[in-house]
Amino acid sequence: MESQLDRNVCRGRDVEEAVGDFVASLRTASGELQMTGVYHVRIGMEWMDPMMSESLKILDEDRVTGAPLPPGGGPSTPPAATIRRFSPVVVELDALSEIEGLVDQTSSMALDLVAHGGIENLRRLESPDPFGRPKYQSAQRS
């Protein structure tokens, strides 16, 4: 059983999964409705603290066990970054584009979000190529 997180703490993996689910839903709906074109997406995070006295923390996880790392860090892990102000990520997204490009855009959005918390690598989604090279090769038909 997972422990309850404070209201100003979230897991990076949950952020990644939410971005992936959002893009998958957008792609499905666009396909079913035959809606082509580019969506202007603005995605960010809010937390329940009307006085902004509590900062947001995005927790990373252990690569081997998948367990959330403690907010205060540990012997080999730095503490979670304190986020007092969150800058939304703004992108143009073609939900019906080639899957290779859409996967890279989705990963880039997720990485931009979790990077606010000091997370440098994605855990659930595939990290975008830093040089913009496609990760997937389309099957060649002969």
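This write-up is about the structure you can find in this document. These figures come from a predicted structure and were not determined experimentally.

A closer look at the pattern of salt bridges
Here's step 1: This model, assessed by the stated rule, comprises four salt bridges.
Here's step 2: A salt bridge links aspartate 14 to arginine 13, with the shortest nitrogen-to-oxygen separation between them at 3.9 Å.
Here's step 3: Taking the relative accessible area as the measure of exposure, arginine 13 reaches 13% and is therefore buried.
Here's step 4: The residue glutamate 17 makes a salt bridge to arginine 124 at a minimum N-O spacing of 3.0 Å. Of this pair, glutamate 17 sits in helix H1 (residues 12-33) while arginine 124 is found in the segment after helix H2 (99-114), placing the two residues 107 residues apart along the sequence.
Here's step 5: Take arginine 124: its relative accessible area is 40%, and that puts it in the partly exposed class.
Here's step 6: The structure contains a network of salt bridges with shared partners spanning Arg11, Arg13 and Asp14.

Scoring rules and cut-offs
Residues numbered from 1 in each chain as written. Predicted model: local features only at pLDDT ≥ 70, side-chain atom pairs only at ≥ 80, totals over all residues. Heavy atoms only, no water. Salt bridge = Lys/Arg side-chain N within 4 Å of Asp/Glu carboxyl O. Buried < 20%, exposed > 50% of the residue type's maximum accessible area, 1.4 Å probe, protein only. Helix = DSSP H or I, 4+ residues; strand = E, 2+ residues; numbered from the N terminus.

These values are about where atoms sit, not about what they do.
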